[in-house]
Amino acid sequence: MPTGLVDAPTTNGHRTTLGDFELNIFSDGNYYLDGGAFFGIIPKSMWSKKVTADERNRLVVGCNSVLVRTGKNTVLIETGIGNKFDERTAKIYEPEAKLLDNLTEAGVDPEAIDTVINTHLHFDHCGWNTVRTSAGVKATFPRAKYWVQKGEWEHGQLQLERDRVSYISDNYNPLIERGQMNLIEGDREIVPGVSVRVYPGHTRDMQAVIIRSGGQTACYISDLIPTSAHLDLLWGIAYDLFPLEAIESRKRFYAEAIPQKWLVIYTHDPAMPWSYVRDDGGGKYSALPVR
Ligand SMILES: [Zn+2]
């Protein structure tokens, strides 16, 4: 496995270096998802060998953001669930909403973040983009430019029966109205060393974030592979809008990530936020922990 990367658990997350960059995982805390929904077409007899559900068939799910310090830029990838749920929804998911506290505890000033990237706009990926105050909706990171795919935003605006509950417009529309969120089309570099790449499947325009420095690469793969238990080719989540495309996107991702030994970062893994990936053949893959 690549040398030079050390996973250093911190009081509220994990830290490693990637070339000249420093990567910190900050969690918004855990929440609950239905086990069946989390593993799509995979029967419980199989997924229950990897994860344990509670008496209501719920799984504890993580909510990992990444802070990337490149030396020039301070980039936050994903902003968790936040605190915008009504009481009924909060009872279902029981979010902890700890991201801002965890950043503060680590001495990260929200004003220091100049770039925020959302892989897509489901509520568990952009929740702390903004905060509601008595004076209206404010950007949590006032000096940051925010980035998301235009097609993802357009889809959220449609408010379709299938997935409208996933889109809370206060997480992004006020930023777009103020010109603080950039709606982009396709793959591109966001700041030097940090780029986005569209991998359709979970949504049509979900983008992963690729971080490169000093010959090393990390990829925040978002809901294309939400945890290290989802690596096998067919282990997608039931929320995927385009499951066949998700399989093709996973193949395209593995074709680079495995031979090039990318560090793969998982949004929803409560225990292992990142790992390398090994191809075990026959559509099976395993996570190799960072030591
Ligand atoms: Zn999602």
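Rules behind the numbers
- Residues numbered from 1 in each chain as written.
- Predicted model: local features only at pLDDT ≥ 70, side-chain atom pairs only at ≥ 80, totals over all residues.
- Heavy atoms only, no water.
- Donors = N, O, S within 2.8 Å, 3.2 Å for Na, K, Ca; no water.
- Tetrahedral: all angles 85-135°; square planar, octahedral: opposite > 155°, others 65-115°.
- Helix = DSSP H or I, 4+ residues; strand = E, 2+ residues; numbered from the N terminus.
- Buried < 20%, exposed > 50% of the residue type's maximum accessible area, 1.4 Å probe, protein only.
- Pairing = 2+ DSSP bridges.
- Salt bridge = Lys/Arg side-chain N within 4 Å of Asp/Glu carboxyl O.
- Polar contact = N/O pair within 3.5 Å; in protein donor to acceptor, adjacent residues only side chain to side chain.

In this section: the coordination of the zinc ion. At 2.1 to 2.3 Å from the zinc ion lie its protein donor atoms, namely His120 (NE2), His122 (ND1), His202 (NE2) and Asp223 (OD). Classification of the site at the zinc ion rests on its 4 donor atoms, whose angles at the metal span 85 to 172°, yielding the label irregular. Mapping the donors of the zinc ion onto the primary sequence gives the spacing H-x1-H-x79-H-x20-D. Of the two residues, His122 is situated in the loop between strand S8 (115–117) and helix H5 (123–126) and Asp223 in the loop between strand S16 (216–220) and helix H8 (243–257); the sequence distance between them amounts to 101 residues. The burial state of His122 is the same as that of Asp223; both residues are buried.

Turning to the pairing of strand S14 (residues 194–198), a few remarks are in order. By the criterion of burial, S14 is predominantly enclosed, with 5 of the 5 residues buried. Residue alternation in S14 divides its side chains into two sets, Val194, Val196 and Val198 and Ser195 and Arg197, and both sets are buried. With antiparallel pairing between neighbouring strands as the criterion, strand S13 (residues 188–191) and S14 make up a hairpin whose turn holds 2 residues, including Gly193 at a positive phi of roughly 95°. Both S14 and strand S15 (residues 207–213) contribute to a ladder of 5 bridges, which runs antiparallel. Of the residues in S15, the one forming a bridge with Val198 is Gln207.

Let us look at the pattern of salt bridges. Tallied over the entire structure, the rule returns 11 salt bridges. A salt bridge links Glu94 to Arg58, with the shortest nitrogen-to-oxygen separation between them at 3.2 Å. Remark: Arg58 occurs in strand S5 (residues 58–61) and Glu94 occurs in the loop between helix H3 (87–93) and helix H4 (99–105); sequence separation between them is 36 residues. Look at Arg58 and you get buried, because its relative accessible area is 12%. Salt bridges here are not isolated pairs; linked through shared partners, they connect Lys50, Asp232 and Lys284.

Summarising the element assignment, Gln216 is placed in strand S16. Separated by 19 residues in sequence, Gln216 and Trp235 place their C-alpha atoms 27 Å apart. Of note is the side chain of Gln216, whose polar atom sits 2.9 Å from the backbone nitrogen of Gly19.

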